[in-house]
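The lines below spell out each chain.
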Amino acid sequence: MNKFSGEHKDTLGAPLCPCRHYDDKAAEAQQGFWNCPCVPMRERKECHCMLFLTPENDFAGQDQTITLEEIRETTSNM
């Protein structure tokens, strides 16, 4: 989840798509439906950018923190 979606989840209770402009972010977050304009999401409820994951997704988790060491380890072979 990118920085802005994480902040939205913390402050508004729901992530909002960073690709879209919202006149009232709080109202959008309260509506509780997918706020993503991407075709895969609209048509198949698939999030290709991994910002919106269902709880059963292998990449979903409860922990929203990552250490610098985890980043280095993950990106060392890139």
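To keep things clear, this report deals only with the structure shown in the data block. (Residues numbered from 1 in each chain as written. Predicted model: local features only at pLDDT ≥ 70, side-chain atom pairs only at ≥ 80, totals over all residues. Heavy atoms only, no water.)

**Observations concerning the overall build of the protein**
- Counting secondary structure elements, the protein contains 4 helices and 0 strands.
- For the protein, the sequential pattern of α-helices and β-strands runs α-α-α-α.
- Taking as baseline every contact in the protein between residues at least 6 positions apart, the subset at least 24 positions apart corresponds to 17%.
- As displayed, the protein offers around 6,300 Å² of accessible surface, 51% of which is attributable to carbon and sulfur atoms. (Helix = DSSP H or I, 4+ residues; strand = E, 2+ residues; numbered from the N terminus. Contact = heavy atoms within 4.5 Å. Areas by Shrake-Rupley, 256 points an atom, 1.4 Å probe, with all protein chains shown as cover.)

**Concerning a negative patch on the surface**
- A cluster of acidic residues, D63, E69, E70 and E73, forms a negative patch on the protein surface.
- Tracing the chain through its elements places E70 in helix α4 (residues 68-75). (Patch = residues over 30% accessible without salt bridge, like charges linked within 9 Å, V, L, I, M, F, W, Y side chains within 5 Å. Salt bridge = Lys/Arg side-chain N within 4 Å of Asp/Glu carboxyl O. Lys, Arg positive; Asp, Glu negative; His and termini not counted. Charge placed at Lys NZ, Arg CZ, Asp CG, Glu CD.)

**So, a nonpolar patch on the surface**
- On the surface, I66, L68 and I71 cluster together into a nonpolar patch covering about 290 Å² of accessible area.
- Along the chain, L68 turns up in helix α4.

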